[in-house]
Amino acid sequence: MKLLRFKEKFTDILKQGYPLQEVNSFFNLLTEEILGMSRLHVALDPEKEISESEQQKLEDALQRLQEHEPIQYILGETEFFGLTFKVDKNVLIPRPETEELVEWILSDVKNLQQKEIRILDIGTGSGCIAISLGKNLPSAKVTAIDISEGALEMAKRNADFNNVNVEFIQQDILEAEALDSNYDIIVSNPPYVRELEKKEMQANVLNNEPAGALYVKDEDPLAFYRKITELATKNIKKGGSLYFEINQYLGEETKALLTNNYFTASLKKDIFGNDRMLKGEIKK
Ligand SMILES: C[S@@+](CC[C@H](N)C(=O)[O-])C[C@H]1O[C@@H](n2cnc3c(N)ncnc32)[C@H](O)[C@@H]1O
């Protein structure tokens, strides 16, 4: 089959479920990955014959996109903070909002000028926060916790792939009585989507991303924040800070957990203008 003919079929089918711009972007990403052809290369050689095995791979990807599987899972990787992260259904796809949290931490740490800081990332998923911090702070010692074995396997692959040293621990943080050590920085992007917010979510997220990474009970949506704040109160070093990514609708409530627990706290909005990040500085 000619590449142009496949593109027409791909576009006709997918434009029923996605905006045209997104369909074009999927096509470019897939031809780059499967055929090794850049966008320009495709534009210059539309009559190119694709082999049967290449066509089969493109057809499989088309089918998965029709079922609204995220393109990042189909490609098996995504970009976060300038690094490549392998992803599969065991891990949440890293989000741009979380890059803003990493940026916030790095700008604070650079001001501190401290060398051998200890960092803990709770609920590491793909490892995106821990690994990006480790890459940018080579003298920091970074530890990362997750409850999910599948997520930790992927996070370890990502640490190796990006050549960053991270200590990984499998642990249910809600059951922890104390942390294994004292830390200068504790960061977490825990599950925070309430069941009642599911209706706002798109099918590709709802049906594909791991529920254990996303959802919390409507009755106690701040369970992770409360537990992590309690642990941090015991295990954060003098002058240390706690950083959270938060549910945009629960900014003040989440902030109050910190201010009730010996922290001074400040909220920060993401690029969309939503309360998305919270920092607590211990008053010791
Ligand atoms: C919102 S995801 C964040 C993943 C990653 N840090 C990121 O920012 O993309 C939350 C993570 O917390 C983990 N998690 C859920 N419950 C947990 C628990 N009780 N103890 C430790 N980790 C947990 C999930 O497996 C998931 O990887």
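Scroll up to find the structure.
Residues numbered from 1 in each chain as written. Predicted model: local features only at pLDDT ≥ 70, side-chain atom pairs only at ≥ 80, totals over all residues. Heavy atoms only, no water.

Let us look at the nonpolar core. Judged by nonpolar contacts, the single largest core of 33 residues is most densely connected at Ile173, Ile186, Ile228, Leu242 and Phe244. Going through the elements one at a time, β3 (118–122), β6 (183–188), β8 (215–216), α11 (223–235), β9 (236–245), α12 (251–259), β10 (263–269) and β11 (275–282) are the ones with two or more residues in this core. For this core, the element with the highest residue contribution is α11, accounting for five residues. Those residues in contact with Leu242, other than ones at most four positions away along the chain, are Ile186, Ile228, Thr229, Ala232, Ile236, Leu258, Phe263, Leu278, Lys279 and Gly280. Judged by nonpolar contacts, the second largest core, of 30 residues, contains Ile105, Ile131, Ala155 and Ala159. (Core = buried A, V, L, I, M, F, W, Y, C linked by side-chain atoms within 4.5 Å. Buried < 20%, exposed > 50% of the residue type's maximum accessible area, 1.4 Å probe, protein only. Helix = DSSP H or I, 4+ residues; strand = E, 2+ residues; numbered from the N terminus. Contact = heavy atoms within 4.5 Å.)

Pairing of side chains with opposite charge becomes possible as their charged atoms draw close. Counted according to the given criterion, the structure contains 15 salt bridges. Ionic pairing is found between Lys15 and Asp12, a salt bridge with its closest N-O pair at 3.6 Å. Owing to a relative accessible area of 48%, Lys15 belongs among the partly exposed residues under this scheme. Taking relative accessible area as the criterion, Asp12 reaches 44% and is therefore assigned partly exposed. (Salt bridge = Lys/Arg side-chain N within 4 Å of Asp/Glu carboxyl O.)

Moving on, we come to the packing of aromatic side chains. Here a ring pair, both rings aromatic, is described through the centre-centre distance and the interplanar angle of the planes. Counted under the stated rule, the structure contains seven aromatic pairs. With 5.6 Å between their ring centres and 80° between their planes, Trp104 and Tyr243 make a pair best called edge-to-face. Taken as a pair, Trp104 in helix α6 (residues 96–112) and Tyr243 in strand β9 lie far apart in primary sequence, 139 residues in all. You can call Tyr243 buried: its relative accessible area is 1%. Their ring planes at 70° and their centres at 4.8 Å tell us that Tyr225 and Phe244 sit as a pair that is edge-to-face. In this pair, Tyr225 is assigned in helix α11 and Phe244 in strand β9, connecting sequence segments 19 residues apart. (Phe/Tyr/Trp six-rings, centres within 6.5 Å; stacked < 30°, edge-to-face > 60°.)

What follows is about the site of the ligand. The ligand sits among 20 residues. The nearest are Gly123, Asp146, Asp172, Asn189 and Ala213. Backbone polar atom of Ile147 to a nitrogen atom of the ligand: 3.2 Å apart, as the coordinates give it. The separation between a nitrogen atom of the ligand and a polar main-chain atom of Ile173 is 2.9 Å. Burial of the ligand by the protein amounts to 94% of the accessible area it has alone, namely 600 Å². Of all elements in the fold, only α7 (128–136) and α10 (211–214) reach the threshold of two or more residues within the shell around the ligand. Taken together, the residues of the shell around the ligand break down into 10 nonpolar, eight polar and two charged. (Near = heavy atom within 4 Å. Polar contact = N/O pair within 3.5 Å; in protein donor to acceptor, adjacent residues only side chain to side chain. Areas by Shrake-Rupley, 256 points an atom, 1.4 Å probe, with all protein chains shown as cover. Nonpolar A, V, L, I, M, F, W, Y, C, P; charged D, E, K, R; others polar.)

Turning our attention to the layout of surface pockets. Estimates place the volume of the second largest pocket at around 270 Å³. Residue lining of the second largest pocket: Leu29, Glu32, Glu33, Ile71, Gln72, Leu75, Glu77, Thr78 and Glu79, and that is the complete set. Looking at the lining of the second largest pocket, the elements with two or more residues in it are α2 (20–35), α5 (71–75) and β1 (77–80). For the lining of the second largest pocket, the residue count by class is three nonpolar, two polar and four charged. (1 Å grid on protein atoms, 1.4 Å probe; cavity = no way out; pocket = protein on both sides within 12 Å on 5 of 7 lines; lining within 4 Å. Points joined across faces, edges and corners; volume = space filled by probe spheres on them.)

With seven of its eight residues buried, β11 lies for the most part within the structure. Across five bridges, β9 lies against β11 in antiparallel orientation. Paired with Leu242 across the two strands is Gly280, which belongs to β11. Linkage of β10 to β11, two consecutive antiparallel strands, is achieved through a turn of five residues, within which Gly273 is found at a positive phi near 85°. (Pairing = 2+ DSSP bridges.)

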